[in-house]
Amino acid sequence: MDYSSFSFNSFVIRFRASANSFLSQFEPLALLLAPLLSLLVARVLQSFLSLILEKGLKATLLGLFMSSVKLVPGVKSYIDAEKQKVVDKLQSGSKSKREHWRTELPTIGLGVGVIEEMRDEKSKDVDWKGKCSGTVYIGGSESEGHFALINEACSMFAHTNPLHLDVFQSVARFEAEVVAMTADLLGSKEKASGAQVCGNMTSGGTESILLAVKTSRDYMKMKKGITSPEMIIAESAHSAYDKAAQYFNIKLRRVPVNKEFQADVKAIRQHINRNTILIVGSAPGYPHGIIDPIEELGKLAYSYGICFHVDLCLGGFVLPFASKLGYPITSFDFTVMGVTSISVDVHKYGLAPKGTSVVLYRNHDIRKHQFVAVTEWSGGLYVSPTIAGSRPGGLIAGAWAAMMSLGQAGYLENTRKIMEVSKMIQKGIKEIPELFIIGKPDMTIVAFGSAVLDIFEVNDIISSKGWHLNALQRPNSIHICVTLQHVPVVDTFLQDLRDAVQTVRL
């Protein structure tokens, strides 16, 4: 006799009898619904925990609270009505501006007369000279000096397209040299960089960031087999990363900054998991002009074997020269271990024409994942290095002309001027009791707020005086991005700011 089998069967019989006895006190319908309800509760808890992991406890609870408020009778209809008012206002304003805009080709062309019409339209633009934060980084008039030089360079090569390298060899050379000269500023020839830094020109910082994210995604898929990619950025990082996350189906984890308004290394470390492909640091961040702890982030990325992109769109043509001038600038380039890619806008402090940026990679093994190659097209082999196929060669020529005409001495002098103006503005703001500066600006962006005044009212008043600054949130503040345009008018700005504060205070 098999006693073990007998013992097991006996146990099953006793267990079944006990279970049936216990369950007999419940209604059959309750027994049927219990597993379904348990599954539903488990699903709700899973969704709630996923929201907490993705957005944090505070944001999740706030979102649930707002959703609950909308359930109150009348609240949702009120919110919808207020939204519609804003939409109607926007649409009515847009309609009035577009009322006389053309919707079809003129029957007879204007010929050279079109230039006069363009001059007339241009005269209606905002007077940006001296009073715009960022926007136009070149000082002086469009018809003379550096402005005129790059305009002539763009015009000379307006017909060119670097997609056709065999035809426009000059533009191919210009692009290669712009990339190489930019890389040199960022440590490409230093031993720590690996001496393989490479890259391409793009249409601007957003495209440079998009390409760096896409390349990191595909590189990490090859390297680690990651198919559900995630990236981690500080809340001060540019919104181009949100765009990249949407375009390339990447889960974005945005973490708060620390008390110094820098990317919080500890918080970023806590969010790294097996699907993380990329972390980001800014030098400086757009909202506050503060450099993230690039070296610490680099070590973190290196230790986890993930990509690390440094956003130097604003700082790429200032920080290398500010460092040479003796300003205490922390490391930010390819000499930092762990940095895999960098974006730099030449059309900002590089003083090149709008639409010129550079994306750089530590080596060719990473950059090859940026390219798209189509081999089965009936039109033949198609290889494209950037998002755009055809590109304006005139802009590339303009960027090359800007860099070559200024040289290191020119950029050093420009950096000296704007850094001095930035310090003057900071000093002037500190002397206004109602205002305070956000953090400790490292470069040429100065963000400031107020604990006693509505800073947006201050912004409205200073806007009425012709200044175009940038409104920020979390914390509520405004900032000025200092350019060469501000060098001769810094005293005027500070006086107008003092007057605006005085007006709001009264």
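What counts, and where the lines are drawn
- For every chain, the first residue of its written sequence is number 1, and the numbers climb from 1 along that sequence.
- Per-residue local features are limited, in this predicted model, to residues with pLDDT of at least 70; the limit for side-chain atom pairs, both in listing and counting, is 80 or more; totals at the level of whole chains, interfaces and linings are taken over all residues.
- To get the side-chain values, take all heavy atoms of the structure and skip hydrogens and water.
- Only residues whose relative accessible area exceeds 30% and that take part in no salt bridge are eligible for patches, with like-charged residues grouped when within 9 Å of each other and nonpolar side chains (Val, Leu, Ile, Met, Phe, Trp, Tyr) grouped when within 5 Å.
- Note on areas: these come from Shrake-Rupley sampling with a 1.4 Å probe, and a residue is covered only by the protein chains present in the view.
- In what follows, salt bridge is the name for a side-chain nitrogen of Lys or Arg lying within 4 Å of a carboxyl oxygen of Asp or Glu.
- Helix and strand definitions here come from DSSP, where helices need a minimum of 4 consecutive H or I residues and strands a minimum of 2 consecutive E residues; each element is numbered from the N-terminal end.
- For every residue, the accessible area obtained with a 1.4 Å probe (protein chains only) is divided by the maximum for its type, and the residue is called buried under 20%, exposed over 50%, and partly exposed between those limits.
- We treat two strands as partners when DSSP finds at least two bridges between them.
- For helices, the fitted axis covers only the stretch in contact; all axes are lines through C-alpha atoms, and the angles between them, taken along N-to-C directions, range from 0 to 180 degrees.
- What a helix should span is 1.5 Å times the count of its residues minus one.
- This arc is taken over the directions from the axis of the helix to the C-beta atoms.
- Just so you know how the angles are binned, under 35 degrees is roughly parallel, over 145 roughly antiparallel, 65 to 115 roughly perpendicular, and the rest oblique.
- It is the rotation of the near helix from the far one that decides the hand of a crossing: anticlockwise by less than a right angle makes it left-handed, clockwise makes it right-handed.
- We call two residues in contact whenever any of their non-hydrogen atoms come within 4.5 Å of each other.
- Side-chain classes follow a simple rule in which Ala, Val, Leu, Ile, Met, Phe, Trp, Tyr, Cys and Pro form the nonpolar group, Asp, Glu, Lys and Arg form the charged group, and the remainder, Gly included, forms the polar group.
- Think of it this way: a Phe, Tyr or Trp ring, Trp meaning its six-membered ring, pairs with another when their centres are within 6.5 Å, and the plane angle makes it stacked under 30 degrees, edge-to-face over 60, tilted otherwise.
- Domain delimitation in this document rests on an assignment produced automatically or drawn from a domain database.
- In short, buried area is how much 1.4 Å probe accessible area vanishes from two parts on joining, totalled over both.
- What qualifies as a polar contact is a pair of N or O atoms within 3.5 Å, subject to a donor-acceptor requirement within protein and to the restriction that residues adjacent in sequence count only when both atoms come from side chains.
- Note on handedness: a crossover is taken as right-handed if, strands pointing away from the viewer, the path from the first strand over the helix to the second is clockwise.

Points about a nonpolar patch on the surface
At step 1: A surface patch of nonpolar side chains, about 700 Å² in accessible area, is lined by Leu 29, Leu 32, Leu 33, Leu 36, Leu 37, Leu 40 and Val 44.
At step 2: Structurally, Leu 32 is set in helix α2 (residues 28-55).
At step 3: For Leu 32, a relative accessible area of 55% translates into the label exposed.

Notes on the sheet that holds strand β4 (residues 276-282)
At step 1: Read from one edge of the open sheet, 7 strands run β1-β7-β6-β5-β4-β2-β3, paired in mixed fashion. Of all the strands in the sheet, just β1 (198-202) and β3 (251-255) have a single pairing partner and so form its edges. Strand after strand, the sheet turns through a mean of 20 degrees between neighbouring axes, direction not considered.
At step 2: Where strand β2 (residues 230-234) and β4 come together, 3 bridges link them in parallel fashion. By the bridge assignment, Ile 232 is partnered in β4 with Ile 279.

Points about the pairing of strand β7 (residues 357-361)
Two faces belong to every sheet, and in a regular strand the side chains alternate between them.
At step 1: Burial analysis of β7 places 5 of its 5 residues in the buried class, the great majority of the element.
At step 2: Of the two faces of β7, the one lined by Ser 357, Val 359 and Tyr 361 and the one lined by Val 358 and Leu 360 are each fully buried.
At step 3: Here β1 runs beside β7; their pairing, made up of 5 bridges, is antiparallel. Paired with Gly 199 across the two strands is Leu 360, which belongs to β7.

Side note on helix α7 (residues 169-185)
Owing to its 3.6 residues per turn, the α-helix aligns residues three or four sequence positions apart on the same side.
At step 1: Over its 17 residues, α7 runs 25 Å from end to end, which matches the ideal 24 Å to within 8%, given 1.5 Å per residue.
At step 2: Every buried residue of α7 is accounted for by Val 171, Phe 174, Glu 175, Val 178, Val 179, Thr 182, Ala 183 and Leu 185. Viewed along the axis of α7, the buried residues span an arc of 160 degrees, placing them on a single side of the element.
At step 3: Immediately beyond the C-terminal end of α7, within one or two residues, lies Gly 187, with a positive phi of roughly 85 degrees.

Points about the packing of helix α8 (residues 205-224) against helix α9 (residues 240-247)
At step 1: Two numbers describe how α8 lies on α9: the axes approach to 9 Å, and their chain directions differ by 45 degrees. The angle between the axes of α8 and α9 places the two elements in the oblique class. Remark: the crossing between α8 and α9 carries right-handed chirality. Facing Thr 206, Ile 209, Leu 210 and Val 213 of α8, the residues of α9 in contact are Ala 240, Tyr 241, Lys 243, Ala 244 and Tyr 247.
At step 2: For the contact of α8 with α9, a count of residues per class yields 7 nonpolar, 1 polar and 1 charged.

Digging into the packing of aromatic side chains
At step 1: For the coordinates displayed, the defined rule picks out 9 aromatic pairs.
At step 2: Note on Trp 377 and Tyr 382: the rings are 6.2 Å apart at their centroids and 90 degrees apart in plane angle, and the pair reads as edge-to-face.
At step 3: Relative accessible area serves as the criterion here: at 48%, Trp 377 is assigned to the partly exposed category.
At step 4: Given the relative accessible area of 29%, Tyr 382 is considered partly exposed.
At step 5: Within the aromatic cluster, the residues linked to one another by ring pairs are Phe 157, Phe 174 and Trp 400.

A few points about helix α6 (residues 145-156)
At step 1: Relative to the 16 Å expected for 12 residues at 1.5 Å per residue, α6 spans 17 Å between its end C-alpha atoms, a close match to the ideal helical length.
At step 2: Taken together, the buried positions of α6 are His 146, Phe 147, Ile 150, Ala 153 and Cys 154. Looking down the long axis of α6, one finds its buried residues gathered within 135 degrees of arc, a one-sided arrangement. Opposite the buried face of α6, by more than 90 degrees, sit the exposed residues Gly 145, Glu 152, Ser 155 and Met 156.

Overview of the domain arrangement of the protein
At step 1: Split into domains, the protein comes out as domain 1 (152-405) and domain 2 (408-505).
At step 2: Domain 1 and domain 2 are separated by 28 Å when their C-alpha centres are compared.
At step 3: Taken residue by residue, the interface counts 25 residues in domain 1 and 27 residues in domain 2.
At step 4: Between domain 1 and domain 2 the total buried area reaches about 2,200 Å² when both faces are included, carbon and sulfur atoms providing 69% of it.
At step 5: If you look at where domain 1 meets domain 2, you find 0 salt bridges.
At step 6: Across the contact surface, domain 1 and domain 2 share 9 residue pairs in polar contact (both at pLDDT 80 or more).
At step 7: Ranked by residues supplied to the side of domain 1 that touches domain 2, first place goes to helix α12 (residues 319-324) with 4 residues.

Some points on the pairing of strand β5 (residues 307-311)
At step 1: In terms of burial, β5 is a largely internal element, 5 of the 5 residues being buried.
At step 2: Taking every second residue as pointing to the same face, both faces of β5 are buried, with Cys 307, His 309 and Asp 311 on one and Phe 308 and Val 310 on the other.
At step 3: In this structure, β4 lies alongside β5, joined through 5 bridges in parallel fashion. Along β5, the bridge assignment pairs Ile 279 with Phe 308.
At step 4: Read from β4 through helix α11 (residues 294-304) to β5, the crossover connection turns out right-handed.
At step 5: What joins β5 to strand β6 (residues 341-345) is α12, and the crossover it makes is right-handed.

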